[in-house]
Amino acid sequence: MKGENWRKIEPENIVVITTKYGDILIELNPEFAPGHVARFQDMVKARAYNGKEFYRVIDGFVAQGGIDAEDKKWPPLEIEHEQPLLEADQIQLLDNDDLFAEKVGFLNGFPVGFDAEKKWLLHCPGMLAMARDSDPNTGGTDFYITLDAQRYLDRNMTVFGRVISGMQYVQKLQRGDKNIEGGVIQSPNKGDEMISVKLASELPENQQPNYEVMRTETAGFMNSINSKRVRSDPFFFNTPPQVVDVCDVEVPTELVDF
């Protein structure tokens, strides 16, 4: 354990997607999207994603995968695009203007937007969200990982997790052409396979990845933000303004020994 300023990620909230490039590890967020997290966990346990592909991968946009077919076993879910803002929420405010939200910051390791009543997760790079059709309540099986910030999608999709390790492998995935079938990879080419998708809690205890995240309500994390905001290195002969974009702040996340 790294200490009281760090939070352990529970194994049932870590998803391990094995690809030919390496393992992609994702932390799920049941606080913001309990229904979608429960569905994703159930599909993982049912091995619904094993052998399926990342079938729509658009450079600079998203990597989308899933069952890519209607399955009555997994009916659509009601969208979970925002949650009530609570007095108990310890949001570390990013104290500069944002283009898309009244206020932005970090809550329990995740980038969030919020106003006087609601909070929501942001489409920063590496975030996990549920794909859907035009009807907001049509998602529930196929998911995507953002390759680059897509903030205009905030509050329009259900965001329910973030990549904590292996983003370099997401970036290696076979691309489609965004001008052909919306980026769906066309035959005879195939998208990269999800060889296996498991929850860390399904692995033997001595093989479960043990990740901890710096608590974002702490002074240590605020110092991390300020190191991005204040650029005092002699390299800069024109001093950059003291602002930082919420998607440019990396939340310290480390694999630790037992």
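The structure presented is a predicted model; accordingly, all values stated were derived computationally and were not measured.

**A closer look at the overall build of the chain**
Now for step 1: For the chain, the count of helices and strands is three helices and 16 strands.
Now for step 2: Relative to a compact globule of 258 residues, whose C-alpha radius of gyration would be 18 Å, the chain shows 19 Å and is just as compact.
Now for step 3: Dimensions along the principal axes, computed over C-alpha positions, put the chain at roughly 50 × 45 × 40 Å.
Now for step 4: In the chain, which comprises 258 residues, the proportion classed as buried is 48%.
Now for step 5: Within the chain, contacts between residues at least 6 apart in sequence are counted, and of these 71% link residues at least 24 apart.
Now for step 6: In the chain, 27 side chains carry a positive charge and 42 a negative one; their mean positions are 3 Å apart.

**Thoughts on the packing of aromatic side chains**
Now for step 1: Tallied over the full model, the rule gives seven aromatic pairs.
Now for step 2: Taking 5.3 Å as the distance between ring centres and 45° as the angle between the ring planes, the aromatic pair formed by Phe 40 and Tyr 49 counts as tilted.
Now for step 3: Consider the rings of Phe 40 and Phe 160, whose centres lie 5.3 Å apart with planes at 70°: the pair is edge-to-face. Residue Phe 40 is found in helix 1 (residues 34-45), and its partner Phe 160 is found in strand 13 (residues 158-165); the two are separated by 120 residues along the sequence. The pair formed by Phe 40 and Phe 160 is uniform in burial state, with each residue classed as buried.
Now for step 4: Joined through ring pairs, the aromatic side chains of Phe 40, Tyr 49, Phe 54, Phe 143 and Phe 160 make up one cluster.
Now for step 5: Lys 119 extends its terminal NZ or CZ atom over the ring of Phe 32, reaching a point 5.7 Å from the ring centre.

**Quick word on the state of the cysteines**
Now for step 1: The full count for this structure, using the stated rule, is one disulfide.
Now for step 2: The residue that forms a disulfide with Cys 124 is Cys 247, at a sulfur-sulfur distance of 2.0 Å. Taking the torsion about the S-S bond as the criterion, the Cys 124 to Cys 247 disulfide, at about -80°, is left-handed. With Cys 124 in the loop between strand 10 (118-121) and strand 11 (127-130) and Cys 247 in the loop between helix 3 (219-229) and strand 16 (253-255), this pair connects stretches of sequence that are 123 residues apart.
Now for step 3: According to the relative accessible area criterion, Cys 247 is buried, its value standing at 14%.

**Things to note about the side chain of Asp 89**
Now for step 1: With respect to the helices, strands and loops of the structure, Asp 89 is situated in the loop between strand 6 (83-84) and strand 7 (92-93).
Now for step 2: Its relative accessible area of 17% is what places Asp 89 among the buried residues.
Now for step 3: Apart from residues no more than four positions distant in its own chain, Asp 89 is found in contact with Glu 31, Pro 84, Leu 107 and Lys 119.

Definitions and cut-offs
Each chain has its residues counted from 1, running along the sequence as written. Per-residue local features are limited, in this predicted model, to residues with pLDDT of at least 70; the limit for side-chain atom pairs, both in listing and counting, is 80 or more; totals at the level of whole chains, interfaces and linings are taken over all residues. Excluding hydrogens and water, the side-chain figures rest on all heavy atoms present in the structure. Put simply, DSSP H or I for four residues or longer makes a helix, DSSP E for two residues or longer makes a strand, and each gets a number counted from the N terminus. Put simply, the radius of gyration uses C-alpha atoms, and a globule should come to 2.2 Å times the residue count raised to 0.38. Burial classification: accessible surface area is computed with a 1.4 Å probe over protein chains only, and a residue below 20% of its type maximum counts as buried, one above 50% as exposed, and the rest as partly exposed. Should any heavy atoms of two residues lie within 4.5 Å, those residues are considered in contact. Asp and Glu count as negative and Lys and Arg as positive, but His and the ends of the chain are not part of the count. In plain terms, the charge of a residue is placed at NZ if it is Lys, CZ if Arg, CG if Asp and CD if Glu. The pairing test for Phe, Tyr and Trp rings, Trp by its six-membered ring, is centres within 6.5 Å, and the orientation test on the planes gives stacked under 30 degrees, edge-to-face over 60, and tilted for anything in between. Two conditions define a charge sitting above a ring: the NZ of Lys or the CZ of Arg must be within 6 Å of the ring centre, and it must be within 35 degrees of the ring normal. Two cysteine sulfur atoms make up a disulfide if the distance between them is within 2.5 Å.

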